[in-house]
Amino acid sequence: MAAAQGAKLVVFPELSLTGYDLDLLASTPNTWLEDANDGRFEPVRRACVASGTTAVLGAPFRGRAGDQLIAAPIVGPDGGTHLSFKEHIHGSEAAVFRPGEAAAPFEVSGWRVAVAICFDAAHPRHAEHAAQGGADVYAVSALYMRGEERRRDLHLAARAMDNRIFSVLSNYAGRTGAHVSCGMSGAWSPTGDVMEVVEGAGDAMLVVDLDPGQLPQLRG
């Protein structure tokens, strides 16, 4: 559906494949990924290859040493998959997960894209490091809850403006586990201005056209 509207990058919320329910994840080990080539990605791989898109998903991951991480599986238009991990664990997540390391920016149709997972976006150095690595787009996969509308806007706007990059947010709609999301996925320009945002917390698909011409003039 997104590809039919011209999208080349499709971003889903944090832990989108399972939902953000830490108690459930702790008690259902069969839902965890242990390999970037997990066969359960096959429908997504086929869709990405057929449409020429890149998808950023969300899943719990358990490494060979038993380390448990919040992952963003990234499926490319060639069907290849690699993983980026949440660096900044927040609150009750520390009882289940440990911090990981974000993947280097990757290319999507000439754009350099870096992934952040929720609380990563609250840390200016995370986006700064992505920009230093060549990122043009800071793609945030998240759960911002009801009451965090202003926090969401401040994070995404500041990360974009401070680093002269675009920031985009994929947030949950409605309830996941015990949490109620504020919704309002959107995109922010390199000046920190809101480009487009979903109104309300209901299910929605937002397709945004980014203009690469804005970057050189702002980066000087």
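Residues numbered from 1 in each chain as written. Predicted model: local features only at pLDDT ≥ 70, side-chain atom pairs only at ≥ 80, totals over all residues. Heavy atoms only, no water.

## Notes on the layout of surface pockets
Heads up, the condition is: Definitions used throughout: a 1 Å grid over protein atoms alone; a cavity as a set of points that fits a 1.4 Å probe which cannot get out; a pocket as an open set with protein on both sides within 12 Å along at least five of seven lines; a lining residue as one with an atom within 4 Å of a point. Grid points are joined across faces, edges and corners, and a volume is the space filled by probe spheres set on the points. Counting from the N terminus, the helices are the DSSP runs of H or I reaching at least four residues and the strands are the DSSP runs of E reaching at least two. Just so you know the grouping, Ala, Val, Leu, Ile, Met, Phe, Trp, Tyr, Cys and Pro go in nonpolar, Asp, Glu, Lys and Arg go in charged, and all remaining residues, Gly too, go in polar.
Its volume calculated, the largest pocket comes out at about 1200 Å³. As for the largest pocket, its lining consists of 44 residues, and the residues nearest its centre are Ala7, Leu9, Val10, Val11 and Leu206. Secondary structure elements with two or more residues in the lining of the largest pocket: strand S1 (9–11), helix H2 (42–51), strand S7 (111–117), strand S9 (166–171) and strand S12 (186–188). Among the residues forming the lining of the largest pocket, the class breakdown is 30 nonpolar, 11 polar and three charged.

## Quick word on helix H4 (residues 149–163)
Cut-off, in case you're wondering: Expected span of a helix: the number of residues minus one, times 1.5 Å. Under the scheme applied here, a residue whose accessible area is under 20% of the maximum for its type counts as buried, over 50% as exposed, and between as partly exposed, the area being computed with a 1.4 Å probe on protein chains only.
Its 15 residues place the ends of H4 22 Å apart at the C-alpha level, agreeing with the 21 Å of an ideal helix rising 1.5 Å per residue. Every buried residue of H4 is listed here: Arg152, Asp153, His155, Leu156, Ala157, Ala158, Arg159, Ala160 and Asn163.

## Focus: the packing of aromatic side chains
What counts here: Pairing of aromatic side chains here covers Phe, Tyr and the six-membered ring of Trp, requires ring centres within 6.5 Å, and sorts the geometry by plane angle: under 30 degrees stacked, over 60 edge-to-face, intermediate tilted. Here, a charge over a ring means that NZ of Lys or CZ of Arg falls within 6 Å of the ring centre while also lying within 35 degrees of the ring normal.
Considering all chains together, one arrives at three aromatic pairs under this definition. Consider the rings of phenylalanine 61 and phenylalanine 85, whose centres lie 5.4 Å apart with planes at 50 degrees: the pair is tilted. Residue phenylalanine 61 is located in strand S3 (residues 59–62), and its partner phenylalanine 85 is located in strand S5 (residues 81–85); the two are separated by 24 residues in the primary sequence. Over the face of the ring belonging to tryptophan 32 we find arginine 62, whose NZ or CZ atom lies 4.5 Å from the ring centre.

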